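Now for the letters of each chain:
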Amino acid sequence: MKANFSPKKILNNIQDYFIEISMTKFVIYMVLIAWASTTILPLLWVANNSFRTTTQIVDAPFSLPDSFDLANYINASERINILNSYKNSLIMSGTTVLLVLLFGGMAGYVMARFKFRFQNFINKMIVVALMIPAFVTVVPVYEIFIKMGIVNTYLALILPHTAGNLVFATMMLSAYMSSVSTEIEEAALLDGANRWQIFTRIFVPISRPAFATVGIFTFLWSYNDLFSALVFVPNKSVQPITVLLNQVKSQYGTDLGLQATAVIVTVIPVLLVYIILQKHIIKGLTQGAVKG
Amino acid sequence: MLLTFSLEVETIKFKNDNKVIFFFLLPALLFWSIFLFYPIIRSLYKTFFFTVHNINPEFIGFGNYIKLLTDPVVWLATKNTFIFMIAAVIFQVGLGVLLAIFVDLIRYGKNFFRTTFFFPIVLSAASLGLLFRLLYNYDAGLLNSILEALNFEPVLWLDAAKALAMVMIPTIWQYVGFYFVIILTALTKIPNSLYEVAKIEGASTFQRITKITLPLIFQDIRVCIVLAITGTLKVFDMVWVITAGGPFDSSQVLGTYMYSTVFQRRLFGYGSTIAIFIIILGVIVTTLTNKFIGNRDVTID
C-alpha cells in the first residue's frame with residue numbers, strides 16, 4: 001500500500017488523534033501498553049544480558065553492556081556446534097514441512113471433495129488425535145525406532161513430527177479447499193484432467209495461503225519442540241538447536257550470561273520468521289481456528 | 001458438540017473415485033495409525049505389566065491402576081492440573097477477551113499490539129522457560145533486581161509455596177495472544193451498523209460491550225475455553241524447564257509426572273498408566289465442558 005503524504009492529511013490525523021484521547025481511551029492505551037511491555041521487555045533484558053558476564057549481571061542487572069562482548073556466544077559455540085545444530089534443525093523441520101504439506105494437502109483434498117464410507121469416522125479420529133499430547137505416545141514410538149534402528153537419525157524426529165502436524169494440517173487445508181467452487185473443477189474435467197492433475201494444478205495453487213500458514217506453523221512447532229528431540233535424537237551430531245537450551249540449563253545452571261545467550265541463539269531464527277511472515281501467521285491461523 | 005470437525009462437501013463424480021480416495025488418504029492414515037493410535041493401544045497394553053527399563057515385563061493385572069489410585073503425587077498432579085485449567089480459562093481467555101475488546105476500540109497502533117501480543121506463541125516453551133528461570137533467579141533475576149531497586153528484600157521465587165504459580169504465569173502469559181487474536185477476528189466480523197444504532201440510542205461504551213459485543217462473540221469465547229482446557233493437559237515443556245515439577249512435587253502436573261516416571265524412575269508400565277489416565281481425563285473434561293457451556297447460539301438479527 002502506498003500512503004499519500006499530504007500535509008493536510010497529516011494535520012487532520014493529528015487533530016483526530018487528540019480528539020480521540022479521552023479518559024477511557026487513555027486507560028485503554030495504558031493497559032495495552034502494559035501488556036505489550038510484558039512480552040517485549042523480558043526478551044530485551046535477556047538479549048542485553050547475553051552480552052555480559054554473570055558477575056556483571058549480578059552487580060548491575062539493568063546496565064547496558066560495556067561493549068558488545070561476544071564471550072558468551074563464543075563459549076556457547078564451544079559447548080555445542082551451533083552451526084551444525086542450525087543445519088540439523090533446518091533439515092529436520094524443513095523435511096517435516098514438505099511431508100506435512102504434501103500428505104496433508106492430499107488428505108485435505110479428499111476430505112473436502114469426496115463423500116465416502118469412513119468419512120465421519122476419520123473426522124472423529126482427527127478430533128481425538130488433536131487432543132493427544134506428545135508424551136503419551138513417546139514410549140511405543142521409541143520402541144518402534146529402536147527396532148528399525150533409526151534412533152539418532154534425522155528420520156527419528158521427522159516421522160513423529162510429520163504425524164503430529166498432519167492432523168492440524170489436514171483440518172486447515174480441507175477447510176480451505178472445501179470453500180473452493182466446483183465450477184473450476186468441472187471445467188478442468190471437461191478438458192480431460194484427472195484427479196491428480198486437478199489437485200496439483202488447481203487446488204494446490206488456489207490454496208496457497210492455507211499452505212503457507214500450515215507450512216509456517218509446522219516449521220515453528222517442529223523447530224520449537226524440545227521434548228521429542230531429547231528422546232529421539234540424543235546424539236550430539238544430529239541434535240537440533242533447541243537441545244542447547246536443555247544442556248546449558250542442566251550443565252551451566254549458574255552461568256547466567258551463557259543461559260541468556262542460549263535463549264537468544266534459539267529464539268533468533270524464529271523471531272526472523274515471525275517478523276518477515278507475520279501476516280500469514282496471524283491471519284491464516286485465525287481463519288483455520290475459527291472455522292475448524 | 002463443540003469439538004467436532006465436519007465440512008460441507010460438494011462433490012463431482014469420477015470413475016475410479018474409490019481408488020483416488022484410498023491413495024490420497026493412505027499416507028496420512030499410515031502416519032496417524034503408526035505414530036498416534038498404535039502407541040495408545042500399546043500403552044494400554046503396557047499398563048498391565050510391571051517393567052523397569054522396559055525389559056522383562058511381568059504381568060500384574062490391575063496393579064498399576066491400584067497404584068495410580070493410591071499414589072498421592074498423582075492426586076497432587078491432578079489437582080495442580082485442574083488449578084492450571086481454571087486459571088487458564090479465567091486469565092488466558094479473560095485477558096484475551098479484554099485485550100481484544102480494547103484493541104478493537106482504539107484507532108492507532110492496532111497492528112503494533114497484534115504483533116507484540118501474539119509473538120510469544122511462536123517462541124518455544126523451552127526457551128521461554130529458560131527465560132523465566134532467569135527472571136526468577138535469586139541473585140540477579142529481573143524480579144529480584146526490581147525489588148532491590150525499590151529497597152525490598154529479595155524473594156525466593158521457586159520455593160514449594162510459590163512454584164506452581166510461578167510456572168502457571170508464563171504458561172498462561174504465552175498463550176493470551178492466541179485467544180486475543182481469535183476474539184479480535186470475531187470482533188471485526190460484527191457489522192458497524194449495530195454499533196451505530198447503539199450510538200444513536202445513546203448507549204455508553206460499557207453498555208455497548210456488554211449488550212452487543214459480548215453476546216455476539218459468545219460462540220468464539222466458548223471455542224477459546226475448550227481450547228484453553230484441552231491445552232492445559234498438554235502442558236509440559238515450560239514446567240519441565242522451570243521447575244521439573246519440584247520442589248517436592250509442588251509444581252508437578254500430569255505431563256511432567258508421567259515423563260519423570262518413565263524417563264527418570266524408568267517405570268514404563270506405571271508411566272503408561274499415567275498416560276492413559278491423562279487421555280481419559282481429557283475425554284471426561286472435554287465432554288463436561290461441552291455439556292456445561294452448552295449450545296446457545298446467538299445470531300445477528
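Being a predicted model, the structure only gives us computed values, none of them experimental.

(A) Structural context of the overall build of chain B. The number of helices and strands found in chain B is 13 helices and two strands. Structurally, chain B occupies a C-alpha span of about 80 × 75 × 30 Å along its principal axes. Looking at the 301 residues of chain B, the share that counts as buried comes to 43%. Sequence-distant contacts, at least 24 apart, represent 71% of the contacts inside chain B between residues at least 6 apart.

(B) Expanded view of helix H7 (residues 134-148) of chain A. Between its first and last C-alpha, H7 of chain A extends 20 Å over 15 residues, near the 21 Å set by a 1.5 Å rise per residue. Taken as a whole, H7 of chain A carries its principal kink of about 30° at Pro140 of chain A. Considered for burial, the residues of H7 of chain A that qualify are Ala134, Phe135, Val136, Thr137, Val138, Val139, Pro140, Val141, Tyr142 and Phe145 of chain A. Summarising the contacts, the buried residues of H7 of chain A are in contact with helix H8 (155-177) and helix H12 (227-232) of chain A together with helix H1 (17-46), helix H12 (254-263) and helix H13 (268-293) of chain B. Positioned one or two residues after H7 of chain A, Gly149 of chain A has a phi angle of 70°, which is positive.

(C) Representation of the domain arrangement of chain A within the structure. Residues and elements named next belong to chain A. When cut into domains, chain A gives domain 1 (7-72) and domain 2 (73-291). Spacing between the C-alpha centres of domain 1 and domain 2 amounts to 32 Å. Listed per partner, the contact involves eleven residues of domain 1 and twelve residues of domain 2. Sorting elements by how many residues they give to the side of domain 1 that touches domain 2 places helix H2 (residues 23-49) first, with three residues. Here the side of domain 1 that touches domain 2 is built from residues that sort into five nonpolar, five polar and one charged.

Definitions and limits used
Residues numbered from 1 in each chain as written. Chains lettered and ligands numbered in written order. Predicted model: local features only at pLDDT ≥ 70, side-chain atom pairs only at ≥ 80, totals over all residues. Helix = DSSP H or I, 4+ residues; strand = E, 2+ residues; numbered from the N terminus. Buried ≥ 20, exposed ≤ 12 C-beta atoms within 10 Å, placed from the backbone. Contact = placed C-beta atoms within 7 Å. Expected span 1.5 Å × (residues − 1). Bend = angle between axes of the 7 residues up to and from the residue. Domains from an automatic or database assignment. Nonpolar A, V, L, I, M, F, W, Y, C, P; charged D, E, K, R; others polar.

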